[in-house]
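# Coordinate inspection notes
One letter stands for each residue in the lines below.
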Amino acid sequence: MSKETNAITPHPSTSNVSLPRSITLSTFTAARVKEIQAMRKSISQTFGTKMAFQKLPKHMRRRAMSHVVKRLPRRLREIHINQMKKSGIPPKSKRPSRRHRRRPLYLQADYIRRQMRVKWLNTHIWHAKRFHMVEKWGYKLPKQPCDKSFKACYRATVKHCLVQDLSYIRCIEIIGLYENLIIPLRKIVDSNTGLTFEAKSVFNGKSFGELVMFQPSLQKEDFRSAIGKIQYLWNQTTTDKKALWLFIHPSYYKQVLTVLVELFNVELSAEDTSKGVLTHYGSNDVLIRELEHEIGKFRLTGSSATDVLRSALKPVALESCSEQLRSCINNFPLESLCQQNEVFQNMLTAGFLPPNKVLSVLVKDPRLNLPKKRTKASSVDYFEQLNDQVLCTNLALSPLIDDTVRNFVTKNKVSNAKLCEMRSQCLVPESEGSMENESIIPIILLWRAGNSTTGPIGYSSGWDVICPSCWSQSLFISFIMWGGRAGGLRESESIAFENSQADILSPDTTAGEQEEIFQTRSLQEKFFRLPPNKRTNFNKYAIASPLSFNWKMLLSDWSKATCSAFSVLRDRKLLKLLQEFVTSKQRNEVVPCLPSNCLIAVRVEPINKGICSQFAVICLPLENCSEPLLESKCRDVFAHRRKALRDEHKSLLKKLRRGRKRASKLGKPITKTDVDMLRNYAMEMRKLWLPEPQTIKDSCDRPVMGFIKHGAFSFTSGNSRGLGYIAADSLKALAGLARRDRVLIRNTNSRVYRLAKLDIIID
């Protein structure tokens, strides 16, 4: 074999290049230096087709480098920022830390901004962390706790203490001579409904009262439009003038304020518009003030309410007070204030107090009396009966009614930061003797005896605490730390339901009507959010008004006349006569004469089985109804129309879809969807699901007497209970029955009639 040599074939482009035999090192290096400098300059230049993060090796590149500068190496960050500036994209600033964003200055400004639309209570921050918050009546209010505590709150109202912040119930102060106040106030009350402003038991200020306020009338009329229930208190003053405080629900507060302004003929003061002060310049010498931002109110309910109150509040030793504090309360007799504090300090139980008693007290800063951890207030098993002489003394005179005292208390309140600083300077821990004389709080206590007739303290008994608004949060936290359980709007409704109390917002008032409309709309929206196969077909159950209370049609059906306006019967004498008529077993009992356009508040309780739910119908019973009745089967006459309308709508949508596809292929403009057509279809379908009722009384087999407005299980009675209203003329149909306290109830999703016991509610 011949040996083959591997020869390298020269490239055609380099075949004519001749290399020198030798080079000079200095000359060659000097020539290359210029090339290296040009290469470094091109790398460091900030202009070009590539960005700084694109010049990195592939193993160092990250997807977020173009957005997050920290992803780049330090040597390229400045170059990247310059490139972003030249391209017109502003560099992203560093977001402040959460600690910086939640500084007290920023938090306060943010809280003020968020309160521009709805108002906050002073305890809003505490509640917002632990409660479901809702927007009601222009406020942000706590509805219910986030934990499962419905039954725990009920136990607190029976055996312990439930604490509620009622500062959303606004206060109006009317100051003037008694004659100038009482004459106009007679036009807005009715003596048949209960005690009025002239009652002797409340005139001297030792007790408070509740009444229903009506629209003013010049003469006695058969029909008067009600506004709502208010709580009132005559405050004792050191002058000849009287001060009347009205506590009004926020849903009809503006309506009450408008009536009072017209009643006393007062005008808005221009210099005090920001404070909401109304001043009268006429001969009556009447002054009306809004105390929304000056007064706070809490409610303590339960058998341990007195124990929590005594543990959280410590009376002030007025003998050792500073001269500044004494000068503030100089207009009030020191002997009476000392006696009030002594009575409060020796108060072991509230069982000896008469109902609606008013007690005033001056207490220390509650922050100085807080336990280290949440502690249940100690209870006392015995009590000492106070003599009548002590109860007849001036226990209701309070410096809280004086605006100068309220301003002094607000300005001289020690901040939490200063209080902590003063505590740190104490030589002995837990020694707070040097801080006891720094603050003083005037408080008014309203005793509620409850509704039990078996003993002095009944269910829902407790105290209403009225205090300066600046101390609301401190007092509320003190009540919680001493064993109170916090409650919200749900607990207020539950207490009223257990007491069988009528609605705060009655259906014959403007506020009650608006509340029912809002509730109906929310329930309808919830109903139509469900798919059709998950909705209850009320047409098959013969329920004419399943999600609304059609009171006017109900009264029109029974009176056989058009009912344009109606009212709730509140005459106590007539209500007692009706209760006697219902419970009487005489067949010839005569029905009391009642107006045909009025509703009667009733309570129904199933006798054997059954539950009461909202919107359930109350029907007339049979003469002998021992077995449960069944509503006859009803055919849904709107089912065929709904199906036809649904098929027509689907075919129309398919046709429009084909048209859009055809237009898209041909390049023609696409026709926009007709929104009005979709809205009209939804309206028609809603009318077929929930048609407008033609009659309420004869909508089912048994004549309908009324509706259950609140229905649930009652813990106090151990049975289901329903509170509602019936038409006044429907009681005439009960006259011929042997048992007039028996009615039939039927829920909206059932065909079964249940036998129930009927009682008239007398507030």
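Residues numbered from 1 in each chain as written. Predicted model: local features only at pLDDT ≥ 70, side-chain atom pairs only at ≥ 80, totals over all residues. Heavy atoms only, no water.

### Observations concerning the state of the cysteines
Taken as a whole, this structure holds zero disulfides when the rule is applied. With no disulfide of its own, Cys470 has Cys467 as its nearest cysteine by sulfur position, at a separation of 8.1 Å. In this model Cys619 remains outside any disulfide bridge; the closest cysteine sulfur is found in Cys700, 4.4 Å from its own. (Disulfide = S-S within 2.5 Å.)

### Topic: a positive patch on the surface
There is a patch of like positive charges on the surface, built from Arg95, Arg98, Arg101, Arg102, Lys129 and Arg130. Among the secondary structure elements, Arg102 is positioned in the loop between α3 (98-101) and α4 (104-114). (Patch = residues over 30% accessible without salt bridge, like charges linked within 9 Å, V, L, I, M, F, W, Y side chains within 5 Å. Areas by Shrake-Rupley, 256 points an atom, 1.4 Å probe, with all protein chains shown as cover. Salt bridge = Lys/Arg side-chain N within 4 Å of Asp/Glu carboxyl O. Lys, Arg positive; Asp, Glu negative; His and termini not counted. Charge placed at Lys NZ, Arg CZ, Asp CG, Glu CD. Helix = DSSP H or I, 4+ residues; strand = E, 2+ residues; numbered from the N terminus.)

### As for the sheet that holds strand β4 (residues 162-165)
As a general point, the strands of a sheet are linked pairwise by backbone hydrogen bonds and lie either parallel or antiparallel. Pairing within the open sheet is mixed, and its six strands lie in the order β13-β14-β15-β12-β4-β16. At either margin of the open sheet sits one strand with a lone partner, and together these are β13 (358-363) and β16 (485-486). With two bridges joining them, β4 and β16 adopt parallel strand pairing. Residue Val163 lies in a different strand from β16, and its bridge partner there is Ala486. Relative to the sheet, helix α16 (residues 472-481) contacts β4, β12 (295-301), β14 (441-448), β15 (462-468) and β16, its axis offset from that of β12 by approximately 10 degrees. (Pairing = 2+ DSSP bridges. Contact = heavy atoms within 4.5 Å. Axes fitted to C-alpha atoms, helices over the stretch in contact; angles between N-to-C directions.)

### A short note on the environment of Ala601
Looking at where Ala601 falls in the secondary structure, it is placed in strand β18 (residues 598-606). Taking the C-alpha atoms as reference, Ala601 lies 8.8 Å from Asp759; in sequence the two are 158 residues apart. Not counting the four nearest positions on each side in its chain, Ala601 is found in contact with Gly724, Tyr725, Asp759, Ile760 and Ile761.

### Considerations on the side chain of Ser545
Within the secondary structure, Ser545 is located in the loop between α18 (510-529) and α19 (551-559). There is a polar contact of 2.5 Å between the side chain of Ser545 and the backbone oxygen of Ser548. Among all residues touching Ser545, those that are not within four sequence positions of it are Asn550, Ile696 and Phe707. (Polar contact = N/O pair within 3.5 Å; in protein donor to acceptor, adjacent residues only side chain to side chain.)

### What to know about unusual backbone geometry
If you check the backbone angles, Ala542 has positive phi at about 60 degrees while not being a glycine. Ala542 gets classed as buried once you look at its relative accessible area, which sits at 11%. Phi is positive for Phe615, which is not a glycine, with a value near 70 degrees. (Buried < 20%, exposed > 50% of the residue type's maximum accessible area, 1.4 Å probe, protein only.)

### A closer look at the packing of aromatic side chains
This structure, assessed with the given rule, holds 23 aromatic pairs. Here the aromatic rings of Trp137 and Tyr168 are separated by 6.3 Å at their centres, their planes lie at 25 degrees, and the arrangement is stacked. Pair noted here: Trp137 is in the loop between β2 (131-136) and β3 (139-145) and Tyr168 is in the loop between β4 and β5 (170-176), with a separation of 31 residues, a long-range link. You can call Trp137 partly exposed: its relative accessible area is 27%. Over the aromatic face of Phe28 sits the side chain of Arg32, whose NZ or CZ is 4.7 Å from the ring centroid. (Phe/Tyr/Trp six-rings, centres within 6.5 Å; stacked < 30°, edge-to-face > 60°. Lys NZ or Arg CZ within 6 Å of the ring centre and 35° of its normal.)

### A closer look at the pattern of salt bridges
Evaluated as defined, the whole model comprises 31 salt bridges. Ionic pairing is found between Arg170 and Glu292, a salt bridge with its closest N-O pair at 2.7 Å. Highlighted residues: Arg170 in strand β5 and Glu292 in the loop between β11 (287-290) and β12, separated in sequence by 122 residues. Accessibility assignment for this pair places Arg170 and Glu292 in one class, buried. Measuring nitrogen to oxygen at the nearest pair gives 3.2 Å for the salt bridge that ties Asp741 to Arg742. Salt bridges sharing common partners tie together Lys119, Arg170, Glu290 and Glu292.

### Here's the deal with the nonpolar core
Within the largest apolar cluster, 70 residues are counted, with the highest numbers of intra-cluster contacts made by Trp245, Leu300, Leu309, Ile443, Leu445 and Phe479. Residue contributions to this core peak at six residues, all from β14. Every residue in contact with Phe479, bar those within four places of it in the chain, is listed here: Val163, Phe298, Leu300, Val308, Leu309, Ala312, Leu313, Val465 and Gly484. Within the second largest apolar cluster, 53 residues are counted, among which are Leu555, Val582, Cys619 and Tyr753. (Core = buried A, V, L, I, M, F, W, Y, C linked by side-chain atoms within 4.5 Å.)

### So, the packing of helix α21 (residues 639-666) against helix α22 (residues 675-689)
Remark: α21 packs on α22, axes separated minimally by 10 Å, with the N-to-C direction vectors making an angle of 165 degrees. Taken as axis vectors, α21 and α22 run roughly antiparallel relative to one another. Considering only the axes of α21 and α22, their crossing is left-handed. Between α21 and α22, the contacting residues are Arg641, Arg642, Leu645, Arg646, His649, Leu652, Leu653 and Leu656 on the first element and Met677, Leu678, Tyr681, Glu684, Met685, Leu688 and Trp689 on the second. Classifying every residue of the contact of α21 with α22 gives 10 nonpolar, one polar and four charged. (Parallel < 35°, antiparallel > 145°, perpendicular 65-115°, else oblique. Left-handed = near helix turned anticlockwise from the far one by under 90°. Nonpolar A, V, L, I, M, F, W, Y, C, P; charged D, E, K, R; others polar.)

### Some words on α21
With 28 residues, α21 ought to run about 40 Å at 1.5 Å a step, and its terminal C-alpha atoms sit 41 Å apart, in line with that. For α21, the full list of buried residues reads Arg642, His649 and Ala663. Contacts made by the buried residues of α21 are with α22. Following α21 by one or two positions, Gly667 has its phi on the positive side, about 75 degrees. (Expected span 1.5 Å × (residues − 1).)

### Overview of the sheet that holds β3
Read across the open sheet, the three strands follow the order β1-β3-β2; overall the sheet is mixed. Since the sheet does not close on itself, it has two edges, and those belong to β1 (119-120) and β2, each with one partner. In the sheet, β1 pairs with β3 via two bridges, with the strands oriented parallel. Its bridge partner lying in β3, Trp120 is registered against Lys140. Where helix α17 (residues 489-498) meets the sheet, it contacts β2 and β3, and its direction lies at approximately 65 degrees from that of β3.

### Some points on helix α9 (residues 253-264)
Between its terminal C-alpha atoms α9 stretches 17 Å, which fits the 16 Å expected from 12 residues at 1.5 Å a residue. Among the residues making up α9, those that are buried are Tyr253, Val256, Leu257, Val259, Leu260, Leu263 and Phe264. An end-on view of α9 places all buried positions within 160 degrees of arc, on one side of the element. In α9, those exposed residues whose orientation departs by more than 90 degrees from the buried face are Lys254 and Glu262. Note on α9: the residue one or two positions beyond its end, Asn265, has a positive phi of about 55 degrees. (Arc of directions from axis to C-beta.)

### Section: a nonpolar patch on the surface
A cluster of nonpolar residues, Leu652, Leu653, Leu656 and Leu678, forms a patch on the protein surface that exposes about 280 Å² of accessible area. Residue placement: Leu678 occurs in helix α22.

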